[in-house]
Structure formats: C-alpha cells, structure tokens
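Commentary on secondary and tertiary structure
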Amino acid sequence: MNKPKLMISFLLMVSMTILITPPANSQVGTYTFHGAPGDQKILIVKTANNQSMEDLFGTGYVGLFEGLFGSGALQEGARKKSLVTAVNFSISWLGEDAVNYTTDNWDWTLGEFGETPDITGYDVHSFYGPTNITWRTNLIWIQNTTIYNGALYFAQLPTPVDQYLEEITWAPKWQNLGNTVVHNAEEGDAIFNPLVMDQYLENCTETWTYDETYGAWIGYQIKDNETNIIYEFSIELPTTAAIPGFELPILLNASMGIIITLIYIIKKRKS
C-alpha cells in the first residue's frame, strides 16, 4: 500500500466516533453543530457480500477495505462503538472557526464491547464553513472534493446538512443528493484518487448518509453494477426508541506534519 493510500486509510479507519443528541449546540454564521459529552454511537455491519467485494475491488479487497474502516469491518453483524468525552464548539483549526470532539473508541467486534476502549482521547475536528473543505482539498490533492481526499473533514457535519453539502465543489462523478453524498464510480476509475493506482473493476455506487437533524454520519453503502447492495454499515438504534440520538462518526484530525507529508508526496510524484 503506497503512502497516499496509507494516509487515506488512516483517516477513515479511525472515523467511526460519537453519538449526537440535541441538548448542546453552537452556531457560527449559517451552520449549527450538535453534541455533548456522554453521547455514544454504535455502528453495525448489515451486509458484507465478500465475493461481490472481491469482484469489485480485486483479490486484495480484505486488506484494502479493513485498511479503510478497521479490522473486522467485513463481518456481518460486527459492531463498532464510540463515546464523546468532551466537546469544544469554539476553536480555531487551521485558521478557521471549527469544533473539536474528544472521543473514546471500541473496535469492530461480534461479541460484547469491553469495559476499556481500544482507543482513548482522540481529538477530531469539523469546520463551520463548507468552502474551507473545497479549497483545502484542492490545495493538498490538486483536485476538487471527494469523501476520500477530504476524509479529514467529513466526520460530523453541522445542520442544515443538505445546504452545507451543496456549498462544496465536488469532483466529477461525486455529488450530494439532499443529506447524502453519492459516488458513481466506473470500471477503471482510481479507487481513492489519481495518485493511487488501484482501480474499481466494475461500475458501482457508494453512498454516505448523514442525519438531517443532527448532522451525524449514520451510514455507508455500496451497490454493484446490478444495483445489489453488497456492503453496508449503519447506526444501530435501541429498540426502545425510534431516534434516541445519533451516533456520530468523526474522522481523526491529522497534524500539520501529515499535511506537509501529503504535499511532499504529491510534488515528488509530479516531478
């Protein structure tokens, strides 16, 4: 796996964190973030058709996909848990108004979650301004935004979600449809970005879904070229309530050192 792919995998793998509930929220300008310490999330793998995944991504699909979402993410019924331990609604991140969520995380498992999290004290951030995402992905990747090259910025979104997503300049074959981001990939396309050589072996549709009320990322799905759902995980809600709150996946914040490394890799490949 080359360095750009490792960076993308690193950002996405630590991306499932936090539950969102309405009591605490903050607004800067147009958009409002939600959440509070004690918010919890559980994601569950609902579909994992391993043969179809191999047809789409090739024989190395297990390492590829678990590199993105974590070990165990290809097991139907596996669950992943995260917990918000602190929230700061007013920080300056990379010179822009932003929110910081501190989270503890439990890895994918088919059994019960342990008392002790597998990852503790991770700080993850989100921007109040959607246009910051477009220009920063252009700065680093020299192309418009996708979920993959903008993974750092798509953990938790503010509301209204559809308006926020509409302000982003998406790369070709990527678009937002209301509270979802849809990627209509074609056979031969680079799986992550033009710097990565792996290709989709068939046409497919990837969909990221956000909750419209609290801005939480609540699901990811792949449909193959025959529109069959071949992979899906989504939020697991208690049976005692329809919507007790939304578990929020937040992507791990990368340091400036990671950003500088990415720029160096890109320039080196172009030279």
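Parameters at a glance
- Residues numbered from 1 in each chain as written.
- Predicted model: local features only at pLDDT ≥ 70, side-chain atom pairs only at ≥ 80, totals over all residues.
- Heavy atoms only, no water.
- Salt bridge = Lys/Arg side-chain N within 4 Å of Asp/Glu carboxyl O.
- Helix = DSSP H or I, 4+ residues; strand = E, 2+ residues; numbered from the N terminus.
- Core = buried A, V, L, I, M, F, W, Y, C linked by side-chain atoms within 4.5 Å.
- Buried < 20%, exposed > 50% of the residue type's maximum accessible area, 1.4 Å probe, protein only.
- Contact = heavy atoms within 4.5 Å.
- Polar contact = N/O pair within 3.5 Å; in protein donor to acceptor, adjacent residues only side chain to side chain.
- Pairing = 2+ DSSP bridges.
- Axes fitted to C-alpha atoms, helices over the stretch in contact; angles between N-to-C directions.
- Parallel < 35°, antiparallel > 145°, perpendicular 65-115°, else oblique.
- Phe/Tyr/Trp six-rings, centres within 6.5 Å; stacked < 30°, edge-to-face > 60°.
- Lys NZ or Arg CZ within 6 Å of the ring centre and 35° of its normal.

With that settled, consider the pattern of salt bridges. For side chains bearing opposite charge, pairing can occur when the charged atoms are close. Going through the model one piece at a time under the given rule, you end up with four salt bridges. Residue Glu186 is joined to Lys173 by a salt bridge in which the shortest nitrogen-to-oxygen separation is 3.2 Å. Of this pair, Glu186 sits in the loop between β9 (180-185) and β10 (204-210) while Lys173 sits in the loop between α5 (161-166) and β8 (174-177), placing them 13 residues apart in sequence. Taking the shortest distance from any N to any O, the salt bridge between Lys173 and Asp189 comes out at 3.0 Å.

Among the nonpolar cores identified, the biggest contains 53 residues, and Phe57, Phe65, Tyr220, Ile222 and Tyr231 are the most heavily contacted of them. The element that contributes the greatest number of residues to this core is helix α3 (residues 61-69), accounting for five residues. Apart from the residues within four sequence positions on either side, Tyr220 is in contact with Phe65, Phe69, Tyr148, Glu206, Thr207, Trp208, Tyr231, Glu232 and Phe233. Counting residues in hydrophobic clusters, the runner-up holds six residues, among them Phe33, Phe89, Val124 and Tyr128.

This next bit is on the side chain of Asp189. Inspection of the secondary structure assignment puts Asp189 in the loop between β9 and β10. Residue classification places Asp189 among the buried residues on the basis of a relative accessible area of 19%. At 2.9 Å, the side chain of Asp189 forms a polar contact with the backbone nitrogen of Glu186. With residues up to four places along the chain from it excluded, the contact list for Asp189 reads Lys173, Asp198, Gln199 and Tyr200.

Take the sheet that holds strand β4 (residues 40-48) next. Within the open sheet, the nine strands sit side by side as β7-β6-β5-β4-β12-β11-β10-β9-β8. Their pairing is antiparallel. In the strand order of this sheet, the two ends are held by β7 (119-127) and β8, each with one partner. For this sheet, the mean inter-axis angle between neighbouring strands, taken without regard to orientation, is 20°. Sheet topology places strand β5 (residues 79-93) next to strand β6 (residues 96-109); eleven bridges connect them, and they run antiparallel. The partner of Leu83 across the bridge, within β6, is Asp104. Contacts from helix α2 (residues 50-57) reach β4, β10, β11 (217-223) and β12 (229-235), with the element oriented near 110° to β12.

Here the focus is the packing of α2 against α3. Orientation of α2 relative to α3, taken along the N-to-C sense of each, is 95°, at an axis distance of 9 Å. Classified by the interaxial angle, the pair formed by α2 and α3 is roughly perpendicular. Together, Asn50, Met53, Glu54 and Phe57 of α2 and Tyr61, Leu64 and Phe65 of α3 make up the contact between the two elements.

Across the 14 residues of β6, ten count as buried, placing the element largely inside the fold. Here β5 hands over to β6 after two residues, with Leu94 in that stretch at a positive phi of 55°.

What follows is about the packing of aromatic side chains. Applying the stated criterion across every chain, the model contains 22 aromatic pairs. Ring geometry for Phe69 and Tyr220: centres 5.1 Å apart, planes at 40°, overall tilted. Here Phe69 is found in helix α3, whereas its partner Tyr220 is found in strand β11, with 151 residues between them in sequence. You can call Tyr220 buried: its relative accessible area is 1%. These aromatic residues form a ring-pair network of at least three members: Phe57, Phe65, Phe69, Trp108, Tyr148, Trp174, Tyr200, Trp208, Trp217, Tyr220, Tyr231 and Phe233. The side chain of Lys81 reaches across the aromatic face of Trp106, ending 4.6 Å from its centre.

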